[in-house]
Structures are given as structure tokens and as C-alpha cells.
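Listed below, chain by chain, are the residues.
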Amino acid sequence: MPTAVSLPHDVKDLALADAGKRRIEWAEQFMPTLASIRKRFARQKPLKGIRISACLHVTTETANLAITLQQGGADVALCASNPLSTQDDAAACLVRDYQMSVFAIKGEEHDTYYSHLDSALEHRPHISMDDGADLVTLAHTKRKEYAKGIIGGTEETTTGVIRLRSMAEEGVLKYPIIAVNDADTKHMFDNRYGTGQSTLDGIMRATNVLIAGLKVVVAGYGWCGRGIALRARGLGAHVIVTEVDPTRALEAIMDGYEVMPMSAAAAVGNLFITATGDKNVIAKENFQNMKSGALLANSGHFNAEIDIPSLTKLAKSRRIMREFVEEFRMSDGRCLYLLADGRLVNLSAAEGHPASVMDMSFANQALCAEYMVKNARKLERKVYSVPHEIDRMVARLKLESMGVEIDELTKEQAKYLNSWSEGT
Ligand SMILES: NC(=O)c1ccc[n+]([C@@H]2O[C@H](COP(=O)([O-])OP(=O)(O)OC[C@H]3O[C@@H](n4cnc5c(N)ncnc54)[C@H](O)[C@@H]3O)[C@@H](O)[C@H]2O)c1
């Protein structure tokens, strides 16, 4: 096992690598889809000669993706897509045992975070892999010189896809991107069941509160919000949903939740969870109406969903109650509690999504990287959905790994379903 590390890297402590290795192997057991892709990649080397710079949450699951890409022949550099989500032991293991350039330290300051992004780009990637579009943004702004060498990229999350689509619409996107988030086998499972479980996990680890009986306000009833609401209800909470989209609000009502505006929910909620991808979803006037003891958590990509600058201005004093819980005492004596600095609570205070769901998201990432190598020349500077065949293949591989068989259309049925003249 290699121990001398000469390649560029910046991780907390290489001595954590043994623990990281064990936890990466633990996650691997729950990632059979990715494992089957890794086996094929190791044989066929579809990424030979390709440099990939990935800006993802540096977790044990991401480590399994990075190892898969490396087995496929890629030279991988990795930095964090959030300053609080890095698992230092996993980062150490990738550097020491896999000779990968990793630039990520849990709790890194703003400047370090951005210098780590710089370092990842200095790897001179052919492919960028993003979770929130920070790497793409950097390659289109301060470090434009690196965009030239990039043939294409992939994007993991809703917020990143929104940013990239607006770049494509404005005609400024310099290379094609595949929106991994758009795959059914990504958002229907990762955003819903992954975020649902891990968000509640993060809140419980941070606070140790009993969820049963709480009034939990979920802002946003998209893929993440649906999962969070479902899991909060499963734990015995009374769930209130806030939305701006009338159809999604209706869906929440018919799924059995109460729906009201944040202005009304603020006065009744005990625990607030934002998952909208929007900014200032919980704003100054809402803090002014909240009950003392209210807990504020975010699971959306950026820490902009809770208006922390206003909360800070309203507070007469602040103190850290326990790791990831900060008390904001108002001048009227009420105390509001912000979890994990308003950053993704599931990745900051817990470990992010369980490996079995990241299995599908990262299977999409690996297959999309391969697709990009084969097809980048034919693609325009646009944001593309994950090819349907890849999405279906991931679902099939996952079912296979679960030992689940499904029916197949008979020839007669296929004809019936595909022909407008049948059934008349
Ligand atoms: N925590 C995680 O691990 C994780 C995982 C996946 C996605 N995300 C992030 O979570 C966020 C949501 O993702 P999604 O896939 O659920 O997106 P989505 O587009 O499916 O849902 C977002 C919902 O929020 C609603 N919304 C927007 N502004 C609102 C407001 N002011 N008040 C109430 N509702 C509002 C929208 O109408 C929409 O229904 C994104 O930032 C995404 O990047 C986080």
C-alpha cells in the first residue's frame, strides 16, 4: 500500500486514512450498482487518459465514485462542494491509498474553500463534475483559461442545474453539461428518500430532540421537501408545508399535509426545514413571529434559504449550545436556534445520504462521464438530460442487485402500446 504522497493535496490529516478506508469499504457494500460499473470500467478503461476534476461532497460514497472513475482510467482530483460536508478520513484515504489529489478539510474557511476549487481546476480537467456548479462558475469567471481544455461536465444537484441552464440560455456556457439531477434514478430517490432520511438524521444528531409531536414546517414541496415531510410525519410530527407553486401546494394537501404561507407557519412551527433552492425563504418578519425555542434547519444547496444576516441583526446575543446548534437570543427574550450555520444540515451534522441511494446517483455520474468522453464532440454548449438508456440501465442494475425481477412487455403489448390504431 503506497504511503509516500508527493502529489498535490490538502487534507486534514493523512493519519485518518485507515479509518477512512474502513468506512469507504463499508459504504461500498451498499453500492452494488456502482460496483458493477467499476468492474466493467476496470476491464475496458473507458476514461483512459481523461483528467476529471470533481467538486462534490467529499464523503465515503463520493470516494467510491472517485475510485470507480480511477479504475476506468481517469486521473481524478477532488475538492469539496461545501465547506462543512467533508469527511476528513475519507479524504485522507483517497490521497494516501489511491494517490488522488484531494483538496478538502471539514470546516474550511471561505478563502480555503475557494483556493481548493482553484487547486482542483489546476489539475487541468477534461471533464468537470459539480454539485452546485461552483467549479463550472470558476472556469467561466476568474479561471477562464481552464475552460478551454474541458470537453464537458456533469452536474449533480437541482440548484446547480438551474444555474447552468441560465448560463446556457444566456449563451455563456462554454461546454456541454449533463444534468445528472434530471435522471429519474437520481432525483426520485436521492432527493426524496436520501434527503428525507438524512435531513431528519442531521437534525436529530445535532439537537437530540424528539420529533414526535413537533409542528414541523417544511418549506418547498419539491423532491427534497416531499421526502423530508414524509419522514417527519413518519416520526410523529405534525407537518406543515409552505410553497409558491400552486400545483405542488395542492399535491401537499392531497398527501395529507397542512399548507399555509410562511407568515402563518412562522407563528406555529417548532422546527423549520427549508428545501427550496431559493433565498430568504425564512425572512426577518418570520423570525419576529416565531415561538421561543424554534429550530431552524436548511437542506437546500446554499445557506441562503434562512436569512442569517437578518437573524444576526435581530439577535441581542448569540452562543453555541452544542456542536451545530447556535442560539440567537432576541431582545424580547425569545431564543431561536440555527442548526449547522444554515448549511445543508444532512451533510453538516450527519453523513449525508445513505450509500444505497448514492449508489444510483453516482452510477449515473460514472456512466455520464463515459458518455461525455464518447460524445462530447457531437454535443452543443447546452445542458443535457441524462440519456434515457443510462437512466434505465441504472434502474435495471439496481433492481438486479436487489434480486428483484420485473415483467417484460410481450411483443403484442409493445405493439399495442406503441400504435395509435390499436385498441380502437
Ligand atoms: N440536502 C441535500 O443533500 C440535497 C440533495 C438534493 C438536492 N438538494 C438541494 O435542495 C434544494 C431543493 O431541491 P429539489 O430537488 O427538491 O428542488 P425542486 O425544484 O424539486 O423543489 C423546490 C421547491 O421549492 C419551491 N419553492 C421555491 N421557492 C419557495 C419559497 N420561497 N417558499 C416555498 N417554496 C418555494 C418550488 O416551488 C419547488 O416546489 C436545491 O437547492 C437542491 O440543490 C439538497
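Up top is the structure these notes are about.
Residues numbered from 1 in each chain as written. Predicted model: local features only at pLDDT ≥ 70, side-chain atom pairs only at ≥ 80, totals over all residues. Heavy atoms only, no water.

Enquirer: What's the story with the nonpolar core in this structure? I'm lost.
Expert: A general feature of soluble globular proteins is that nonpolar side chains tend to end up buried together. Among the nonpolar cores identified, the biggest contains 55 residues, and Leu-47, Ile-52, Leu-65, Leu-69, Leu-94 and Val-102 are the most heavily contacted of them. Counting residues per element, this core draws most heavily on helix H15 (residues 355–375), which supplies 11 residues. Leave out the neighbours within four places in its chain, and Ile-52 touches Leu-47, Leu-69, Ala-74, Asp-75, Val-76, Ala-77, His-123, Pro-125, Ile-127, Met-129 and Ala-369. Counting 30 residues, the second largest nonpolar core, distinct from the first, contains Val-218, Ala-237, Ile-273 and Ala-297. (Core = buried A, V, L, I, M, F, W, Y, C linked by side-chain atoms within 4.5 Å. Buried < 20%, exposed > 50% of the residue type's maximum accessible area, 1.4 Å probe, protein only. Helix = DSSP H or I, 4+ residues; strand = E, 2+ residues; numbered from the N terminus. Contact = heavy atoms within 4.5 Å.)

Enquirer: Whenever I open this one, the state of the cysteines confuses me. Can you help?
Expert: Cysteine pairs can be linked by a disulfide, which is a covalent bond between their two sulfur atoms. Taken as a whole and assessed by the stated rule, the structure comprises zero disulfides. With no disulfide of its own, Cys-224 has Cys-55 as its nearest cysteine by sulfur position, at a separation of 18 Å. Accessibility expressed as a relative area gives 19% for Cys-224, which makes it buried. Cysteine Cys-368 remains unbridged, with the sulfur of Cys-55 as its closest cysteine sulfur at 18 Å. Classification of Cys-368 by relative accessible area gives buried; the value is 0%. (Disulfide = S-S within 2.5 Å.)

Enquirer: What's the story with the sheet that holds strand S12 (residues 315–322) in this structure? I'm lost.
Expert: Adjacent strands of a sheet pair through backbone hydrogen bonds, lying either parallel or antiparallel. As summarised here, the arrangement of the eight strands in space is S9-S8-S7-S10-S11-S14-S13-S12, forming an open sheet in which the pairing is mixed. With partners counted over all chains shown, the strands left at the sheet margins are strand S9 (258–259) and S12, one partner each. As paired strands, strand S8 (residues 238–242) and S9 are joined by two bridges and run parallel to one another. From the neighbouring strand, Val-241 faces S9, where its bridge partner is Val-259. (Pairing = 2+ DSSP bridges.)

Enquirer: Looking at this structure, how should I read a nonpolar patch on the surface?
Expert: Taken together, the side chains of Leu-250, Ile-253 and Met-254 present a nonpolar region at the surface, about 350 Å² in accessible area. One can find Leu-250 in helix H10 (residues 246–254). The class for Leu-250 is partly exposed, based on a relative accessible area of 48%. (Patch = residues over 30% accessible without salt bridge, like charges linked within 9 Å, V, L, I, M, F, W, Y side chains within 5 Å. Areas by Shrake-Rupley, 256 points an atom, 1.4 Å probe, with all protein chains shown as cover. Salt bridge = Lys/Arg side-chain N within 4 Å of Asp/Glu carboxyl O.)

Enquirer: What exactly am I supposed to notice about the packing of H15 against helix H16 (residues 388–402) here?
Expert: In helix packing, the relevant descriptors are the interaxial angle and the interaxial distance, both defined with respect to the helix axes. It is at 10 Å that the axes of H15 and H16 come closest, and there the two elements cross at 140°. Classified by the angle their axes make, H15 and H16 are oblique. The handedness of the crossing between H15 and H16 comes out as right-handed. In this structure, H15 uses Ser-356, Asp-359, Met-360, Ala-363, Asn-364, Leu-367, Cys-368 and Tyr-371 to contact H16, whose residues at the interface are Ile-390, Asp-391, Met-393, Val-394 and Lys-398. Of the residues in the contact of H15 with H16, the class split is eight nonpolar, two polar and three charged. (Axes fitted to C-alpha atoms, helices over the stretch in contact; angles between N-to-C directions. Parallel < 35°, antiparallel > 145°, perpendicular 65-115°, else oblique. Left-handed = near helix turned anticlockwise from the far one by under 90°. Nonpolar A, V, L, I, M, F, W, Y, C, P; charged D, E, K, R; others polar.)

Enquirer: What should I look at first to understand the site of the ligand in this one?
Expert: Contacts to the ligand come from 26 residues, most closely from Thr-157, Thr-158, Thr-159, Glu-243 and Ser-299. Asp-278 is positioned with one of its side-chain polar atoms (N or O) 2.9 Å from a nitrogen atom of the ligand. Within the backbone of Ser-299, an N or O atom sits 2.8 Å from a nitrogen atom of the ligand. If the ligand stood free it would expose 860 Å²; the protein chains cover 87% of that surface. Mapped by element, the contributors of at least two residues to the shell around the ligand are helix H7 (158–169), helix H8 (184–207), helix H9 (223–234) and helix H14 (345–348). Split by residue class, the shell around the ligand holds seven nonpolar, 15 polar and four charged. (Near = heavy atom within 4 Å. Polar contact = N/O pair within 3.5 Å; in protein donor to acceptor, adjacent residues only side chain to side chain.)

Enquirer: Would you mind going over the packing of aromatic side chains with me for this structure?
Expert: Aromatic rings considered in pairs are described by the distance between their centres and by the relative angle of their planes. Per the counting criterion, the structure on display carries four aromatic pairs. Aromatic side chains Tyr-221 and Tyr-257 sit 5.8 Å apart centroid to centroid with 65° between the ring planes, which places their arrangement in the edge-to-face category. One end of the pair, Tyr-221, is in the loop between strand S7 (215–219) and H9; the other, Tyr-257, is in the loop between H10 and S9, and 36 residues separate them in sequence. (Phe/Tyr/Trp six-rings, centres within 6.5 Å; stacked < 30°, edge-to-face > 60°.)

Enquirer: I'm lost on the environment of His-110 in this one. Help?
Expert: Looking at the element boundaries, His-110 is found in helix H5 (residues 110–121). The class of His-110 is exposed, set by a relative accessible area of 55%. Taking the C-alpha atoms as reference, His-110 lies 41 Å from Ser-401; in sequence the two are 291 residues apart. Here Asp-111 takes part through its side chain, which lies 3.3 Å from a polar atom of the side chain of His-110.

These results come straight from atomic positions and should not be treated as a statement about function.
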